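Residues per chain, in single letters:
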Amino acid sequence: MKIRNKHELFKGRKGSCILDKICIRRLEVVAHHGCYEEEKRLGQKFYITVEMELDTRAAGISDDLQASVNYGEVCLGIVEWTKSHRRKLIEAAAEDIAHYLLVQYPMVRKVTVELEKPGAPVPYAFDTVLVHIERSRHQAFLGIGSNLGDRQMNLAAAIRLLEAVPDIQVTKRSPLYETAPYGYTDQPPFLNGWIGIETLYTPEELLRVLHEIEHKLGRKREIHWGPRTLDLDILFYDDLILDTPDLHIPHADMANREFVLQPLSDIAGDFRHPVINETVNALLAALKKQSN
């Protein structure tokens, strides 16, 4: 498996990938996380540190709390969440807190959570036990296509199902294009387009969601590149390069497919391919020039 991620795609300010931070250090909470019955019954002390990455420029200029994140409100939310959600593992408790912050505060692009358990049941002298995690919002571009049944209705239904997923937000939609089939050509023409999303899912988790939506809308995988009621593909995921048996990001051979580049150009023409190091617009122009 090959994975590479050169830098964070998120840009808090135009022309910069550097975000500001609001930090809360070692917030004390008494909660009931643990595997043992005494831990669950009696509870114990935990310390929680969070770093929230966001753009605070507007708040700094305006001196307006509405342009930032209220850290007092954040502390209250973390305490209430940690007390009301009991977990066996501090890994799960930290995951809960990170997810809560990203969902509750849309302007936060990335969150780091450190959860300490100084009273952990370990029969040795130690200072503390802790888990440290980082979670982010991710930008992805998804291909969407259909060539069976009511194609437009299939695509509209797929988008509605995506919008209903709590950890996915549809941010952009391209026009739809009718295109000839690729690879296996003995089949009806496709209706294709692209959508941009923000998501809290990893690429593998996102792929599972897409497969579930395909299955709900009657997708059957019988012929490679064959006819289908719905096709959902991950084209880009931030600037990640991923190669596994189940998932290839960026999508393979996209630079040679006008039906991929054209609708993507409509919504993300300036996006730079992390392998080829060219923008979508440049790739489309080069492909059209080559075909003329």
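Keep in mind that this is a model prediction, so the values were computed, not measured.

## Here we look at the overall build of the chain
Next, step 1: Scanning the chain from terminus to terminus reveals eight helices and 12 strands.
Next, step 2: Reported as C-alpha extents along the three principal axes, the dimensions of the chain are approximately 70 × 45 × 35 Å.
Next, step 3: Of all 292 residues assigned to the chain, the portion counted as buried reaches 47%.
Next, step 4: Considering only residue pairs separated by 6 or more positions, the chain has 65% of its internal contacts joining residues 24 or more positions apart.
Next, step 5: About 16000 Å² of surface is accessible on the chain, with carbon and sulfur atoms providing 52% of the total.
Next, step 6: When the 36 basic and 42 acidic side-chain charges of the chain are each reduced to a single mean position, those positions are 1 Å apart.

## Things to note about a nonpolar patch on the surface
Next, step 1: A cluster of nonpolar side chains, contributed by Val 122, Tyr 124 and Phe 126, occupies part of the molecular surface with about 310 Å² of accessible area.
Next, step 2: Judged by its relative accessible area of 37%, Val 122 falls in the partly exposed class.

## Some remarks on the sheet that holds strand 2 (residues 20–31)
Next, step 1: Judged by pairing direction, the sheet is antiparallel, and its four strands sit side by side in the order 2-3-4-5 without closing on themselves. Of all the strands in the sheet, just strand 2 and strand 5 (129–136) have a single pairing partner and so form its edges. Taken over all neighbouring pairs, the strand axes of this sheet differ in orientation by 15° on average, direction set aside.
Next, step 2: Inspection of the sheet shows strand 3 (residues 44–54) paired to strand 4 (residues 110–117) by seven bridges, in the antiparallel sense. What sits directly across from Glu 51, in strand 4, is Thr 112.

## Regarding the environment of Ile 24
Next, step 1: With respect to the helices and strands, the residue Ile 24 is situated in strand 2.
Next, step 2: For Ile 24, a relative accessible area of 10% gives the class buried.
Next, step 3: Remark: the alpha-carbon pair of Ile 24 and Val 50, spanning 26 residues in sequence, is separated by 5.3 Å.

## Concerning the side chain of His 273
Next, step 1: Along the chain, His 273 turns up in the loop between helix 7 (258–268) and helix 8 (280–291).
Next, step 2: Among the polar contacts listed, one links the side chain of His 273 to the backbone nitrogen of Val 275, at a separation of 3.1 Å.
Next, step 3: Excluding its chain neighbours within four sequence positions, the residues that come into contact with His 273 are Phe 236, Pro 250, Met 254, Glu 278 and Leu 283.

Cut-offs used in this document
- Residues numbered from 1 in each chain as written.
- Predicted model: local features only at pLDDT ≥ 70, side-chain atom pairs only at ≥ 80, totals over all residues.
- Heavy atoms only, no water.
- Helix = DSSP H or I, 4+ residues; strand = E, 2+ residues; numbered from the N terminus.
- Buried < 20%, exposed > 50% of the residue type's maximum accessible area, 1.4 Å probe, protein only.
- Contact = heavy atoms within 4.5 Å.
- Areas by Shrake-Rupley, 256 points an atom, 1.4 Å probe, with all protein chains shown as cover.
- Lys, Arg positive; Asp, Glu negative; His and termini not counted.
- Charge placed at Lys NZ, Arg CZ, Asp CG, Glu CD.
- Patch = residues over 30% accessible without salt bridge, like charges linked within 9 Å, V, L, I, M, F, W, Y side chains within 5 Å.
- Salt bridge = Lys/Arg side-chain N within 4 Å of Asp/Glu carboxyl O.
- Pairing = 2+ DSSP bridges.
- Axes fitted to C-alpha atoms, helices over the stretch in contact; angles between N-to-C directions.
- Polar contact = N/O pair within 3.5 Å; in protein donor to acceptor, adjacent residues only side chain to side chain.

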